[in-house]
Amino acid sequence: MSAAGESLFLNDLSLSHQEAWQLLERGAADRHSPLHTLAVATVTSEGTPSQRIMVLRASDRANRQLRFNTDLRASKVADIGHDSSISVLGYHPQAKVQLRLSGKAVVQTAGDDVETAWEQASLYGQRCYLADPAPGSVVDAPTSGLDPAVQGVKPSPDQVRPARGNFAILLVKVELVEWLYLAHSGHRRARFAWNLAASRWDGSWLVP
C-alpha cells in the first residue's frame, strides 16, 4: 500500500473499518494470508477461556458474520452450547494490522449452508471428521484417530461419507471489532461496536 493510501485509513474511521473487513475477506479466500488462520476463544462450562487456531472459511461483512468448520464432537461445540460468547484474534504482519473481534457464536449441523460448506471441503478436509475416538479423547499412544485405510492417502467419496455426521459449521456474529495499526509515524487504534437499535457500526478512536 502506498503512503498516501495508508494515510487515508490511518485517520478515517470508516476506512479503517473497511480495511478490517477487507483483510478478513482476503483471509478467507487466500490460504496464504496470515488471516486465513485465526485464534478463536470460547468459555468453558468451568468459566475458563479456551483457545485454538481455526481456518477462516468465509467472511460476510454485510451480515457481520465469520464462518469456520468444526467437528461436532469438539470441546468448543460444548463451550458454545454453554456460553455463546466468542472472541477471534488475528495479526497480519505485512498489513501491520491486529484484529480483535468478539460476538456470539452458533453451531449448525444441517441446512443449505452446512451442505455447501461440506461440498466445498476437499476429500482430505472431509477425512479429518472420520477421527475415532472423538477429538480430545485420552488415548494410550500417539494417534491421528484415522483408520489406516485412509491415513496418508487421498480417500474416496465413499470412504469419507460417514464423516458427514461429525461435520458442522461455526458461525460468529460479530458485535465488536478492534483494529490496531502499527506505524512508524504513530500507531492507530479504533473500536467499532454494533448498534443493534440503529443497525449500524459506531466507531471511536482509542489510544493504542
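Residues numbered from 1 in each chain as written. Predicted model: local features only at pLDDT ≥ 70, side-chain atom pairs only at ≥ 80, totals over all residues. Heavy atoms only, no water.

Chemist: Please set out the overall build of the chain residue by residue, giving values where relevant.
Modeler: Across its full length, the chain holds 6 helices and 9 strands. Judged by the C-alpha coordinates and their principal axes, the chain covers about 55 × 35 × 35 Å. Looking at the chain as a whole, 38% of its 208 residues qualify as buried. In the chain, 61% of the contacts between residues at least 6 apart in sequence involve partners at least 24 apart. About 11,300 Å² of surface is accessible on the chain, with carbon and sulfur atoms providing 51% of the total. In the chain, the 21 positive side-chain charges and the 21 negative ones have mean positions that sit 5 Å from each other. (Helix = DSSP H or I, 4+ residues; strand = E, 2+ residues; numbered from the N terminus. Buried < 20%, exposed > 50% of the residue type's maximum accessible area, 1.4 Å probe, protein only. Contact = heavy atoms within 4.5 Å. Areas by Shrake-Rupley, 256 points an atom, 1.4 Å probe, with all protein chains shown as cover. Lys, Arg positive; Asp, Glu negative; His and termini not counted. Charge placed at Lys NZ, Arg CZ, Asp CG, Glu CD.)

Chemist: An account of helix α2 (residues 13-29) is requested, with residue identities and associated values reported.
Modeler: Taking 1.5 Å per residue, 17 residues should reach 24 Å; α2 reaches 25 Å between its end C-alpha atoms and fits that length. You can read the cap of α2 off the contacts: a side-chain oxygen lies 2.9 Å from the backbone nitrogen of Ser-14, and it is on Asp-12. (Expected span 1.5 Å × (residues − 1). Polar contact = N/O pair within 3.5 Å; in protein donor to acceptor, adjacent residues only side chain to side chain.)

Chemist: Describe in detail the packing of aromatic side chains, supporting the description with residues and values.
Modeler: Throughout the structure, instances matching the rule amount to 6 aromatic pairs. Taking the centre distance of 5.4 Å and the plane angle of 70° together, the rings of Trp-194 and Trp-201 count as edge-to-face. You can call Trp-194 partly exposed: its relative accessible area is 24%. Taking relative accessible area as the criterion, Trp-201 reaches 19% and is therefore assigned buried. (Phe/Tyr/Trp six-rings, centres within 6.5 Å; stacked < 30°, edge-to-face > 60°.)

Chemist: Describe the pattern of salt bridges, with residues and values.
Modeler: Considering all chains together, one arrives at 7 salt bridges under this definition. One salt bridge in this structure joins Arg-73 and Asp-71, with 2.9 Å as the shortest N-O distance. The exposure class of Arg-73 is partly exposed, given its relative accessible area of 29%. Classification of Asp-71 as buried rests on a relative accessible area of 7%. The partner of Arg-161 in a salt bridge is Asp-158, with the nearest N and O atoms 2.5 Å apart. (Salt bridge = Lys/Arg side-chain N within 4 Å of Asp/Glu carboxyl O.)

Chemist: Before we move on, can you summarise the pairing of strand β8 (residues 188-195) with the specific residues and values?
Modeler: Both strand β7 (residues 167-181) and β8 contribute to a ladder of 6 bridges, which runs antiparallel. Its bridge partner lying in β8, Glu-178 is registered against Arg-191. Adjacent in sequence and paired antiparallel, β7 and β8 are bridged by 6 residues, among which Gly-186 carries a positive phi angle near 135°. As paired strands, β8 and strand β9 (residues 200-206) are joined by 7 bridges and run antiparallel to one another. Considered in β9, the bridge of Asn-195 is made with Arg-200. (Pairing = 2+ DSSP bridges.)

Don't take any of this as a statement about function, it's just geometry.
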